[in-house]
Amino acid sequence: MRLVSETILRIAVPSPLFRLFDYLPPREITAPLHPGVRVQVPFGRSRTVGILVATSRSSEIDPARLKRVHAVLDTEPLLPADILAMAQWAAAYYQHPLGEVLAGCLPVALRGDQSAEVRGTTVWCLTHTGIEATTADCTRAPQQARALEFLQHHPDGCSREQLNEAGIGPHILRALSARGWLETRTRAATLIASSAVPSAAPSLNPAQAAAVDAITAARDQYQSFLLDGVTGSGKTEVYLQAIAACLAADRQALVIVPEIGLTPQLLTRFRQRLGIEPAVLHSGMNESDRLNAWLAARAGTARLILGTRSAAWVPLAQPGLFIVDEEHDASLKQQEGFRYSARDLLVWRAHRDGVPIVLGSATPSLESLHNARQGRYRHLSLPERAGVASAPSLRLLDVRNQKLDEGLSPALLAHMRKHLDQGGQVLLFLNRRGFAPTLLCHACGWVAECRRCDAHLTLHQRHRLLRCHHCGSQQPIPVQCPTCGCADLRPLGAGTERVEQALERNFPAVPQVRIDRDSTRRKGRLEDLLAQATRGDARILLGTQMLAKGHHFPGVTLVGIMEADQGLFSADFRAGERLAQMVIQVAGRSGRAERPGEVLIQTHHPDHPLLLQLVAAGYPAFAVAALAEREAAGLPPFSNLALLRAEATDARAPEQFLYAASADLDTRTLTGIERWGPVPSPMERRAGRTRAQLLLVARDRKRLQRLLAEWVPQLSNLKSARKVRWSIDVDPVDLF
Ligand code: ADP
Ligand code: ZN
Ligand code: ZN
């Protein structure tokens, strides 16, 4: 350690190295620099942008060898102290290099040396001649005519995204510009204009009122709440009134929802009820909109921020309330790169910022229920549906020995007919997209498998393709069996595409929508289909988990779960919990208004204890039993996990690396820590790579953390590390 005369700047640079880098300040700087500013620094042979984390009077490096910062990019810290602290905590907790954590928490538009200013967006507008032109001027260019008409309907101009959505590509824009009809303008970003007068709130029932009171009473202090309310119990209403109180106290509210949860329906509800325009942050936005929303949150001009996972990192000028909706949802955990849980981060941040946080769900994670039992979270329950709606009744349909029409049993079809005749809507849930999950040769038993994964290829009839849902590779459907040459290849099992056909056959006059990843690929399509479902224009709603979560379809009276059996026999210890959550969430889409709901669950295992319990006693009873099992098995939440994964094209490299990593563990203190593996991953080959893993299990979180802090940063020094991609996953949500 050497003392030096100049201040040493300790800088986090995006790199895989688990350390900060020391630099000298630029010569011309006289004012002291504050942590949280971006700096441009020489790094290796190039320049990169890093973030000043701390200043120091000493360095372990010879000051003569320290390089100088090239430029300071911000006049004031871009990241406030709480975000910097959270990044440092998260980097240590999840064992990820701080430089990457910090780079990742900035909007993409600020990861380089761009200035942190609100951006205008470029829009395409018609010129005077363009406004005056008519489609008759382009009779031989129908695409131009269509574009002209579209733009004439948008006198304020259109963004690139809007034009893309409308199928108007760059060549048409060029053609119209060449005719002098079109020009680009920069429109100032409209920031968070308050929209309307808030609409009236319903009067709360006693359970809701108690929840709102508890949350508002915790103002200006840390307190975690688990808002455990059955589907349709009015959790969102509780959020809205707690947020209204927070806004009235001149504080900002931040709401995190799962990827699928951020629908236009939800935004409209927030906008109308609170009378302000929420700032939205999610991964599908363009860079400048995202930047503008981020800056508005940081400046305090945005009072309500609604976002997905990464919004947990948004700086707030006056934080007052955090909400995590559907807190059990796996998408709140980032599953690649920096594997953090947005929920757990936000609990940490609430503590740091001294504000209340609400974790809401109809099917709380076992972790959160355990935390509530331990008194770390305050348990608020909404045991009944709000308003006039009553809880739906659940029933198992034994489909053994039944003649199934593409997976639909006669009993399910009969119930559908009854509900449709009575004017209800029917929602059918099948968590499998495509036409059929397998293509089988009837002569020899060959099945179409992915060359790069341990998985079957899914048949997509409409695109005439076989597709792998794990690596995305695709190929044409073979005309004959590659093994025996027979042409009798048959689709086996049913996905949503196939069920859709069966429904069209059984209910030819009934309008239906299919909602899954394939049917909603085009931008705006999901919104469209959801609107049809909500309005009741579509009477049969068929879909995957995209349809299962959070939506409010008031007309749905029957929910059919086509298959509950997939999750019953999975190797993953969380499979039971996931299945129970899925069933209850899907079931929760029925009977949300005046008419009572019915839920039918098709199964080949009508005696399975998990299903029986769920149907008879509901999620709380399931959770009690599941927690007891986890405790007996020493699994989370009664223990803590860290999973080291490795993969490589070389089949032996992953295990070699994991054995070396495991040997390294032998040199360390392992009291209270169990090691499972190395073992091949449950899906051993994926995307052409062989995969293996090593699991660490510890009762005591701190012990595990201490071990990881010593062990993980130097794993890249192992010789065998060079041949693999490896990652560490602390609190993994799945063990695949
Ligand atoms: P959740 O978020 O728990 O699914 P919501 O807040 O969406 O529940 O409420 C479900 C339905 O009940 C919505 O239509 C909502 O407007 C209505 N609702 C909620 N609270 C009340 C209340 N206190 N009185 C009447 N209707 C209510
Ligand atoms: Zn064959
Ligand atoms: Zn594959």
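Residues numbered from 1 in each chain as written. Chains lettered and ligands numbered in written order. Predicted model: local features only at pLDDT ≥ 70, side-chain atom pairs only at ≥ 80, totals over all residues. Heavy atoms only, no water.

1. Here we look at the side chain of Arg-589
Then, number 1: With respect to the element layout, Arg-589 can be found in the loop between α16 (575-587) and β26 (598-603).
Then, number 2: Within the buried core, Arg-589 has no salt-bridge partner, and the shortest N-O distance to an opposite charge, that of Glu-326, equals 5.5 Å.
Then, number 3: Polar contacts involving the side chain of Arg-589 include one to the main-chain carbonyl oxygen of Ala-548, which spans 3.0 Å.
Then, number 4: Within the structure, the side chain of Arg-589 is placed 2.7 Å from the backbone oxygen of His-551, a separation counted as a polar contact. (Helix = DSSP H or I, 4+ residues; strand = E, 2+ residues; numbered from the N terminus. Buried < 20%, exposed > 50% of the residue type's maximum accessible area, 1.4 Å probe, protein only. Lys, Arg positive; Asp, Glu negative; His and termini not counted. Salt bridge = Lys/Arg side-chain N within 4 Å of Asp/Glu carboxyl O. Polar contact = N/O pair within 3.5 Å; in protein donor to acceptor, adjacent residues only side chain to side chain.)

2. A short note on the coordination of the zinc ion (ligand 3)
Then, number 1: Looking at the zinc ion (ligand 3), the protein donor atoms are Cys-450 (SG), Cys-453 (SG), Cys-468 (SG) and Cys-471 (SG), and they sit 2.2 to 2.3 Å from it.
Then, number 2: Donor residues binding the zinc ion (ligand 3) come from one chain and are separated in sequence as C-x2-C-x14-C-x2-C. Of this pair, Cys-453 sits in the loop between β18 (438-441) and β19 (458-460) while Cys-471 sits in the loop between β20 (465-467) and β21 (474-476), placing them 18 residues apart in sequence.
Then, number 3: Since its relative accessible area comes to 4%, Cys-453 is described here as buried.
Then, number 4: Looking at Cys-471, the relative accessible area reads 21%, which means it is partly exposed. (Donors = N, O, S within 2.8 Å, 3.2 Å for Na, K, Ca; no water.)

3. Observations regarding the pairing of strand β25 (residues 556-561)
Then, number 1: With six of six residues buried, β25 lies mostly within the body of the structure.
Then, number 2: Strand direction decides the pairing type here: strand β17 (residues 425-429) and β25, joined by five bridges, are parallel. Within β25, the residue paired with Leu-428 across the bridge is Gly-560.
Then, number 3: Pairing of β25 with β26, which is carried by four bridges, proceeds in the parallel orientation. In the strand pairing of β26, Val-559 is matched with Val-599. (Pairing = 2+ DSSP bridges.)

4. Things to note about the domain arrangement of the protein
Then, number 1: As assigned here, the protein comprises domain 1 (2-110), domain 2 (121-187), domain 3 (206-382), domain 4 (393-436 + 494-633) and domain 5 (640-730).
Then, number 2: One C-alpha centre belongs to domain 1, the other to domain 4; they are set 51 Å apart. (Domains from an automatic or database assignment.)

5. A word on the coordination of the zinc ion (ligand 2)
Then, number 1: The protein atoms donating to the zinc ion (ligand 2) are Cys-441 (SG), Cys-444 (SG), Cys-481 (SG) and Cys-484 (SG), with metal-donor distances spanning 2.3 Å.
Then, number 2: Coordination at the zinc ion (ligand 2) comes from four donor atoms whose angles at the metal span 106 to 112°, giving a geometry best classed as tetrahedral.
Then, number 3: Summarised as a motif, the one-chain spacing of the donors to the zinc ion (ligand 2) is C-x2-C-x36-C-x2-C. Residue Cys-444 is located in the loop between β18 and β19, and its partner Cys-484 is located in the loop between β21 and β22 (489-492); the two are separated by 40 residues in the primary sequence.
Then, number 4: Residue Cys-444 is classed as partly exposed on the basis of its relative accessible area, which comes to 40%. (Tetrahedral: all angles 85-135°; square planar, octahedral: opposite > 155°, others 65-115°.)

6. So, the packing of helix α7 (residues 206-217) against helix α8 (residues 235-248)
Then, number 1: In the contact formed by α7 and α8, the axes pass within 9 Å of each other and the chain directions differ by 35°. Crossing handedness for the pair α7 and α8: right-handed. Here Gln-208, Ala-211, Val-212, Ile-215 and Thr-216 of α7 lie close against α8, whose contacting residues are Glu-237, Val-238, Gln-241, Ala-242 and Ala-245.
Then, number 2: When its residues are assigned to classes, the contact of α7 with α8 shows six nonpolar, three polar and one charged. (Axes fitted to C-alpha atoms, helices over the stretch in contact; angles between N-to-C directions. Left-handed = near helix turned anticlockwise from the far one by under 90°. Contact = heavy atoms within 4.5 Å. Nonpolar A, V, L, I, M, F, W, Y, C, P; charged D, E, K, R; others polar.)

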